[in-house]
Amino acid sequence: MTQRVSSGQVITQLIRRDLRVAWRQRSEFLNPIIFLLVVITLFPLAVGPGADILSRIAPGVIWVSALLSAMLGLERMFRDDFRDGALEHMLLLPCPIELSVLAKITVHWIITALPLLLVSPLLALLLSLPMQALPVLILTLLLGTPVLSAVGAIGVALTVSLNRGGALLSLLLLPLLIPLLIFATAAIEAATYELSPAGPLALMAAFLVLALGLAPLAVKAALQVSVN
Amino acid sequence: MWRWLHPYAKPEATFRLNQKILPWFVWPGLACLVVGVIWGLAFAPPDYQQGESYRIIFIHVPAAIWSMGFYVGMAIAALIAVVWQIRTAEWAIMAIAPVGAVLTFISLFTGAIWGQPMWGTWWIWDARLTSQLILLFLYLGVMALYVAFEDQRTGAKAAGILAMVGVINIPIIHYSVYWWNTLHQGSTITRVVTRLEAPAIANEMLWPLLMCLAGFLGISAALVILRLNNEILRREIRRPWALELLQRGK
């Protein structure tokens with residue numbers, strides 16, 4: 001017996017299921033954010049606690065830590081589903097694979113980037129980022145973290161069938177994400193010196209549109225290669 | 001066109017075509033390289049601003065241009081491999097990647113040697129240098145992903161997808177000198193093509209540079225062809241045509 005379901009329903013179900021799975025393995029998705037906080041803590045200890053130094057390196061430190069912690073969280077985007085066979089079922093769902101991939105990207109964004117956004121004022125405080133730069137920091141994270149999730153999905157999909165994909169994943173993804181890092185830090189720096197951050201922010205918005213539009217296609221192709 | 005090209009999807013046909021065209025790349029390439037390098041390094045006039053040390057341009061620029069050109073070529077091979085599932089194209093990805101990576105390394109290395117007297121520093125985090133370094137990482141990533149899989153066809157397909165995704169870096173490298181006004185000088189000859197302006201270089205320097213460009217292309221392409229032919233032979237070693245070829249000792 002077949003029952004007609006719309007793509008929208010499938011997507012909502014997928015997102016709810018993944019969120020529930022993530023909720024049951026809380027430590028898994030808490031680890032990246034704790035890692036991020038630890039890395040951030042290391043910097044004042046390593047380069048000295050002077051506010052002038054910290055506020056200058058703050059945009060870079062926050063964004064590099066965000067990149068690294070995203071690398072940690074990415075692994076679980078497809079891996080568990082690949083191991084227990086759920087991924088094959090996802091590819092067979094009666095809706096375009098690109099949409100299922102977007103659902104996966106959304107879930108990854110919710111469980112890794114939202115906590116980051118929530119603690120970002122704290123990070124700004126810890127690194128004595130000037131207060132006028134805080135809205136821009138949040139804006140860059142809002143625009144940039146979905147790109148992390150989307151481009152990251154490509155890398156995870158490519159390496160999902162490998163047993164030890166971790167180091168390879170960083171090699172594949174970090175080069176592709178360097179432009180994002182450059183423009184994000186440029187925007188925050190501009191705001192620190194009370195200049196207009198509009199240019200880099202516009203470029204980041206362009207990256208966002210490009211990544212969300214094209215990454216699902218690449219992920220689909222990569223998954224079909226990995227899953228056979 | 002498809003009917004004309006399709007026979008070359010067979011490894012054997014590609015092998016024979018490669019053997020036929022290989023001399024057309026090796027000898028003109030070698031000749032251009034020798035003439036271009038000697039002309040450029042010994043006879044071209046010194047630059048009014050940079051003196052003698054500008055001469056490294058004859059190595060640096062061809063390596064940099066073809067490092068990008070071969071990346072695009074690799075991405076096109078990847079596209080063919082993913083869309084039409086042609087095995088020869090999959091092997092071509094891996095035939096091109098190390099050659100391109102070495103070209104990228106040469107351009108970075110000679111750039112550092114050039115930068116030391118010109119800018120007073122071996123390395124600077126300038127937009128073009130950084131994006132070229134990313135290109136090197138992309139090549140290494142493609143190679144690492146290719147060999148990471150046990151099944152080589154899966155590895156080739158995965159590497160192909162990565163190669164296509166990485167194409168986004170090529171326009172960034174090319175326009176980096178226009179978008180960010182950092183230390184790297186603007187382009188000297190490609191602006192003829194992309195901006196329809198006169199080349200910013202005297203004719204006595206332009207000609208040896210063009211010779212070097214042709215030489216680098218010829219030699220690198222010949223290396224790719226040789227690598228591809230090796231790969232074809234390795235994979236097809238049990239096929240009758242390959243056995244016959246090897247027994248004849250040719």
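Position numbers for residues start from 1 in each chain and track the written sequence from start to end. Note on labels: chains are lettered from A, ligands numbered from 1, in written order. Two thresholds apply to this predicted model, a pLDDT of at least 70 for residue-level local features and 80 or more for giving and counting side-chain atom pairs, whereas whole-chain, interface and lining totals are computed over all residues. Excluded from the side-chain calculations are hydrogens and water; all other atoms, namely the structure's heavy atoms, are used.

K.L.:
What's the story with the overall build of chain B in this structure? I'm lost.
P.N.:
A run of DSSP states H or I qualifies as a helix once it reaches four residues; a run of E qualifies as a strand once it reaches two. Both are numbered from the N-terminal end. When you go through chain B residue by residue, the secondary structure sums to ten helices and zero strands. Listing every helix and strand of chain B by position from the N terminus yields α-α-α-α-α-α-α-α-α-α. Accessibility here uses a 1.4 Å probe with only protein chains present; expressed as a share of the type maximum, an area under 20% marks a residue as buried, one over 50% as exposed, and anything in between as partly exposed. Per-residue burial over chain B gives 48% buried out of 250 residues. We call two residues in contact whenever any of their non-hydrogen atoms come within 4.5 Å of each other. Taking the intrachain contacts of chain B between residues at least 6 apart in sequence as the baseline, contacts between residues at least 24 apart amount to 73%. The Shrake-Rupley method, run with a 1.4 Å probe sphere, supplies the accessible areas, and residue values consider only the shown protein chains as cover. Approximately 12,800 Å² of chain B is accessible, and the part contributed by carbon and sulfur atoms is 68%.

K.L.:
Would you explain the pattern of salt bridges in this entry?
P.N.:
Pairing between side chains becomes possible if they bear opposite charge and their charged atoms approach one another. Residue and element names in this part refer to chain B. The term salt bridge refers to a pairing of a side-chain nitrogen on Lys or Arg with a carboxyl oxygen on Asp or Glu at a separation within 4 Å. Summed over all chains, the structure comprises ten salt bridges over all chains. With a shortest N-O distance of 3.2 Å, Arg234 and Glu231 are connected by a salt bridge. Of the two residues, Arg234 and Glu231 are both situated in helix H9 (residues 203-235); the distance of three residues between them amounts to about one turn of the helix. For Arg234, a relative accessible area of 52% puts it in the exposed group. Residue Glu231 pairs with Arg235 through a salt bridge whose shortest N-O separation is 2.7 Å. Linking Glu231 with Arg235, this pair stays in helix H9, spanning four residues, or about one helical turn. In this structure Arg235 comes out as partly exposed when scored by relative accessible area, which is 26%.

K.L.:
Is there a simple way to think about the UniProt feature "transmembrane region" (unreviewed entry) in chain B in this case?
P.N.:
With numbering aligned to this structure, UniProt lists the feature "transmembrane region" (unreviewed entry) at residues 21-44, 56-84, 91-114, 129-149, 161-180 and 205-228 of chain B. Split by type, residues 91-114 of chain B is 100% helix and 0% strand. Its first and last C-alpha atoms lie 35 Å apart. UniProt positions are given in the numbering used here, feature names are shortened, and annotations may be inferred rather than shown by experiment.

K.L.:
Teacher, can you tell me more about the interface of chain A and chain B here?
P.N.:
Often, the extent of an interface is quoted as the loss of accessible area upon association of its parts. Taken together, the contact pairs 18 residues of chain A with 19 residues of chain B. Buried area: the sum, over both parts, of the accessible surface (1.4 Å probe) that disappears when the two are put together. Of the roughly 1,600 Å² buried where chain A meets chain B, counting both sides, 90% is carbon and sulfur surface. Across the chain A-chain B interface, the total number found is zero salt bridges. Counting of polar contacts relies on pairs of N or O atoms within 3.5 Å, with two restrictions inside protein: one atom must be capable of donating a hydrogen and the other of accepting it, and residues adjacent in sequence are counted only when both atoms are side-chain atoms. One can count zero residue pairs in polar contact (both at pLDDT 80 or more) joining chain A with chain B. Elements represented by at least two residues in the side of chain A that touches chain B include exactly helix H7 (134-159), helix H8 (166-192) and helix H9 (198-227) of chain A.

K.L.:
Can you walk me through the side chain of Ser100 of chain A in this structure?
P.N.:
Residue and element names in this part refer to chain A. Structurally, the position occupied by Ser100 is in helix H6 (residues 97-126). Classification of Ser100 as buried rests on a relative accessible area of 0%. Look past the residues within four positions of Ser100 in its chain and what remains in contact with it is Ile11, Leu14, Met90 and Cys95.

K.L.:
Sorry if this is basic, but what is going on with the packing of H9 of chain A against helix H6 (residues 152-166) of chain B here?
P.N.:
Helix-helix packing is described using two parameters, namely the angle between the two axes and the distance between the axes. Lines fitted to C-alpha atoms define the axes, with helix axes restricted to the stretch in contact, and inter-axis angles between N-to-C directions lie between 0 and 180 degrees. Put simply, H9 of chain A and H6 of chain B touch, their axes get as near as 9 Å, and they point 170 degrees apart. Looking at the two axes, H9 of chain A sits roughly antiparallel to H6 of chain B. Along its contact with H9 of chain A, which presents Ala218, Ala221, Ala222 and Val225 of chain A, the element H6 of chain B presents Thr154, Lys157, Ala158, Ile161 and Val165 of chain B. Within the contact of H9 of chain A with H6 of chain B, the residues separate by chemical class into seven nonpolar, one polar and one charged. The labels follow the angle: roughly parallel below 35 degrees, roughly antiparallel above 145, roughly perpendicular from 65 to 115, and oblique for the rest. Gly counts as polar in this scheme, as do all residues outside two lists: the nonpolar Ala, Val, Leu, Ile, Met, Phe, Trp, Tyr, Cys and Pro, and the charged Asp, Glu, Lys and Arg.

K.L.:
Please clarify how the packing of aromatic side chains should be interpreted in this entry.
P.N.:
A ring pair, where both rings are aromatic, is described by two values, the distance of the centres and the angle of the planes. Put simply, two rings from Phe, Tyr or Trp (the six-membered ring, in Trp's case) pair if the centres are within 6.5 Å, and we call them stacked under 30 degrees between planes, edge-to-face over 60, tilted for the rest. Overall, the coordinates contain three aromatic pairs over all chains when judged by the stated rule. Ring geometry for Phe183 of chain A versus Phe207 of chain A: centroids 5.7 Å apart, planes at 55 degrees, classification tilted. Linking Phe183 of chain A in helix H8 with Phe207 of chain A in helix H9, this pair joins segments that are 24 residues apart in sequence. For the pair formed by Phe183 of chain A and Phe207 of chain A, the shared burial category is buried. Ring centres of Phe105 of chain B and Phe109 of chain B lie 5.9 Å apart, and the angle between their planes is 20 degrees; on these two criteria the pair is classed as stacked. With Phe105 of chain B and Phe109 of chain B both in helix H4 (residues 87-119) and four residues apart, the pair spans about one turn of that helix.

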